[in-house]
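Coordinate inspection notes
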Amino acid sequence: SRVLYVMRVGAIVGALALASVFAAVHSTGGGLGSTAGSLVTSRVPTTTPAMPPVTDSRRDTSRQVTTPKVIRSVNTDVPKDGRETAEMTSTTLTSTPPPVVVTPNQSNANASSTASQVYGKSEETVSYDDTKPAKEVAARFLKQCAEVDLFFQETGKRYAPDSLNDANGGGNNNSNSVIIMDWSENFFNGIGDEMQHYQELLAVGLGTGRASYLHTQKVGCDGTGMAGSSDSPTLTDLAKNCRFDLGDYFTGMHGVDWVWNEAKAEKVRKELGADALGKDMLVVTWSQNGMYYSRGHDSFTKGETEPPNGTYVAPPDANFVEVMLGDYIFQSAKVVRVRVKQSFGHWCHPHQPGDWGMCASYRWVVGIENPQSDGVEPIFEHGPPSKPLCPGCSVGGCFGAAAVHPRESLKQNVAPFLSTMQKRGWTKTVAAHVRVGFADISELAPPTDVRRAQNATLATIDEFLAQEAKRVPYPEPVCSLGKSDSFSSNSSSAPLTGFLRCVAATGANVSGGETWGMFLMTDSPAIRSVVMANAVALGIENTLATSGAYGHVKATNTAVCVDDDADDGDVVVKNADPRYTNKCDASDPRGAWERSMVDLVLMGFAEVEVMLFQSKFGSAANFIADIPKGLREYYPDTRLTHSLLIPLLGEMKGDGYDSASDARKQVWGAVWDLFGPAGEREDLKTSEFAVQ
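Residues numbered from 1 in each chain as written. Predicted model: local features only at pLDDT ≥ 70, side-chain atom pairs only at ≥ 80, totals over all residues. Heavy atoms only, no water.

**Details of the overall build of the protein**
The condition is simple: The secondary structure listing takes helices from DSSP runs of H or I that are at least 4 residues long and strands from runs of E that are at least 2 residues long, numbered from the N terminus. The cut-offs for exposure are 20% and 50% of the maximum accessible area for each residue type, with area from a 1.4 Å probe on protein chains only; residues under the lower value are buried, those over the upper are exposed, and the others partly exposed. A contact between two residues is defined here by any heavy atoms of the two lying within 4.5 Å. To measure how exposed things are, a 1.4 Å probe is used in the Shrake-Rupley method; for residues, cover is taken only from the protein chains shown.
Helices and strands together make up the secondary structure of the protein, namely 23 helices and 15 strands. The burial tally for the protein puts 63% of its 692 residues in the buried class. When contacts within the protein are restricted to residue pairs at least 6 apart in sequence, those whose partners lie at least 24 apart make up 77%. Of the roughly 25000 Å² of accessible surface on the protein, a fraction of 50% belongs to carbon and sulfur atoms.

Put into structure tokens, the structure is as follows:
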């Protein structure tokens, strides 16, 4: 019966989502006029056919509480553990993180000249919070998300200086104690998966009444040099021991700075004493076998999921938070570390009762109802409190906006794009997303024994994708917000051309005849160059795109540096932070990470996202800035990453390349030709940590 409940509860969650207020992301802690993102101010017209959700029996869709019915839910397979690790031996000294090269790129000469005048010669400093798009979103957030805004104002007091001193909090009151939600031992996938994890873990932690921190960085990382953390001594240390952490780029509003790093640990030691993070720390393990306690920071072994003494505090399907809040041991501990040793994250899946404790804890603190009908047993014994412990904290919507907004360093890289949109009078933005998987395959060094066979052009890319469409095969393309006669020409034989025609038709539709622009996101430098060169001819007059390093946030050895600006004739916007030199170092993953986060933020200002292939990156953006007309897949339920590039990557790893057939080597060379940077492969600027 518990299985039946979990399968049915998604409908209730969906109803709650549609009833809730949708808001955008990036409200700063300063109050009025200080957010950025895209709030839902309108929905898809009723004449637009609703797009059915992707079905995946292995993924819990009930947690996606802010996804409108018309948005495709972008799901993926559960990744396999044991991912091959690159051999890293370099001792290159690291420095401050390289920036994303912030270039509001244009698609024609006149626009490029304008960019040079505004950003090159005047060296104008643009304030993120002063741009019109950010101000508009800030006002809508304050109007629509009052409950969450007030909750974060109150919650921010838990993080203030000296907030943990007994004199300020009153003894063992939870408000002057700490909970660290620890996800550091678990597999980390792309941000499309992890965005839900970050928000759910934060909601659970805040629901305990404590100052809640998220520890997702790997144990052993000396720091990334960001968000108050120390820097790793060398790039080798950074690449071997660290990974992407969302908290390096985003924080919560009103001072709810949830990232756990050495700076936060120092605050705790100063205010609670060194033993609070040492022998006095209560370690609570949430495993698929149940919940158990241990005392002291070294009281467990890495990977441990069973208590050495065999004693569990609660079974795996219990409401862990409710049990802890009623337990004196938990209440009396000044610092609690919760080791979340659950599965990859399908915490509410009907066939995984070992994860139901996490599922129940999240739903209980945010106040998701627990219906009982037709003999369905609830997932926890009691309904949620009459007043939620974390009000309005369902993933996405207002909570996503309050919990995840850019830090100042990230705002500096986003601001020039917002200013450019404003100066050009864009009334609507269409986010065009082309993810092909080049960021993934670049963890292997480029093949130098297979010479470049072709250059990337619109024609050669169309031909390659058309062949792949027949092999898989692809479904018929869909352009749900564009007129059918605007994109049908060449849509089957020329996939990329058809997609761009669809983007043009979508922009014309959603803009109502007013000025609009395309923000291009892609993990392929060749796709970027080709699109920028052909956009105007295909009906897209205004285009912006980020530049710099291409890479994947789930890896530290995938970056490839490309001089995108040479293709566009634009100048580089000078970064306001003098530490940055605008020099791309492919061996430093932080450049690719930051560029990805700039893309994530800017996507939140779009009216709609149109994807050539399915990608969960857009879902992550939608969880922090609900995109009014949702995510639209040109080829529904289709991923080039999974049908070709990632399997091909698996074939080429290790000794695979040497034993591969000539035909497979030619395919491997073709994806580098058509999706990678221009030029011969010996001259490409790839990470020195890429696997040879």
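**Things to note about the state of the cysteines**
So the rule is basically this: Note on disulfides: each one is a pair of cysteine sulfur atoms within 2.5 Å.
Applying the stated criterion across every chain, the model contains five disulfides. Sulfur-sulfur distance for the disulfide between Cys145 and Cys398 comes to 2.1 Å. On the sign convention where negative means left-handed, the S-S torsion of about -70° between Cys145 and Cys398 marks this disulfide as left-handed. Residue Cys145 is found in the loop between α3 (132–144) and α4 (146–155), and its partner Cys398 is found in helix α12 (residues 397–403); the two are separated by 253 residues along the sequence. Overall, Cys145 belongs to the buried group, its relative accessible area being 2%. Across the disulfide from Cys221 sits Cys242; the S-S distance is 2.0 Å. Its S-S torsion of about 90° marks the bond between Cys221 and Cys242 as right-handed, since a negative value means left-handed. Pair noted here: Cys221 is in the loop between β2 (211–215) and α7 (235–241) and Cys242 is in the loop between α7 and β3 (250–251), with a separation of 21 residues, a long-range link. Judged by relative accessible area, Cys242 falls into the buried class, the value being 1%.

**Looking at the sheet that holds strand β12 (residues 560–562)**
Definition in use: Only strands that DSSP links by at least two bridges are regarded as paired with each other.
Strand order in the open sheet made by the three strands is β11-β12-β15, with antiparallel pairing throughout. Two strands bound the open sheet, and with one partner strand each, they are β11 (548–550) and β15 (685–686). Taken together, the three bridges between β11 and β12 define a ladder with antiparallel strand orientation. Paired with Ala549 across the strands is Cys561, a residue of β12.

**Points about the packing of aromatic side chains**
In this description, a pair of aromatic rings is defined by centroid distance and the angle of the planes. Formally: Geometry of aromatic contacts follows a simple scheme: Phe, Tyr and Trp rings, the Trp one being its six-membered ring, pair when their centres are within 6.5 Å, and the pair is stacked under 30 degrees between planes, edge-to-face over 60, tilted otherwise. Throughout this description, the term charge over a ring refers to an Arg CZ or Lys NZ atom that lies within 6 Å of the ring centre and within 35 degrees of the ring normal.
Under the definition given, this model contains 19 aromatic pairs. Relative to Tyr312, the ring of Tyr292 has its centre 5.9 Å away and its plane inclined at 85°; by these criteria the two rings are edge-to-face. Linking Tyr292 in strand β5 (residues 290–295) with Tyr312 in the loop between β5 and α9 (320–325), this pair joins segments that are 20 residues apart in sequence. When the centroid spacing of 6.0 Å and the interplanar angle of 20° are considered together, the rings of Phe613 and Tyr635 count as stacked. Of this pair, Phe613 sits in the loop between β13 (608–611) and α20 (617–624) while Tyr635 sits in the loop between β14 (631–633) and α21 (640–652); the two residues are 22 residues apart in sequence, bridging distant segments of the chain. Per residue, the accessibility class of Phe613 equals that of Tyr635, and both read buried. By way of ring pairs, the aromatic residues Tyr474, Phe499, Phe613, Tyr634 and Tyr635 are connected into one cluster. Just above the ring of Tyr550 sits the side chain of Arg595; from NZ or CZ to the centre is 3.9 Å.

**Structural notes on the nonpolar core**
As a reminder, the rule being used: Residue types Ala, Val, Leu, Ile, Met, Phe, Trp, Tyr and Cys, when buried and joined through side-chain atoms within 4.5 Å, form a set referred to as a nonpolar core.
In terms of nonpolar packing, the biggest core is built from 107 residues, with Phe152, Leu246, Phe250 and Trp286 touching the most fellow members. Per-element accounting of this core gives the leading share, eight residues, to helix α6 (residues 191–207). One finds Ile461, Phe499, Trp668 and Trp672 within the second-largest nonpolar core, a separate group that totals 59 residues.

**Considering the pairing of strand β9 (residues 516–522)**
A large share of β9 lies buried, amounting to seven of its seven residues. Where burial is concerned, the two faces of β9 agree: the one with Trp516, Met518, Leu520 and Thr522 and the one with Gly517, Phe519 and Met521 are both buried. In terms of strand pairing, strand β8 (residues 428–434) meets β9 through seven bridges, oriented parallel. Bridge pairing links Val430 to Met518 in β9. Taken together, the three bridges between β9 and strand β10 (residues 543–545) define a ladder with parallel strand orientation. Along β10, the bridge assignment pairs Phe519 with Leu544.

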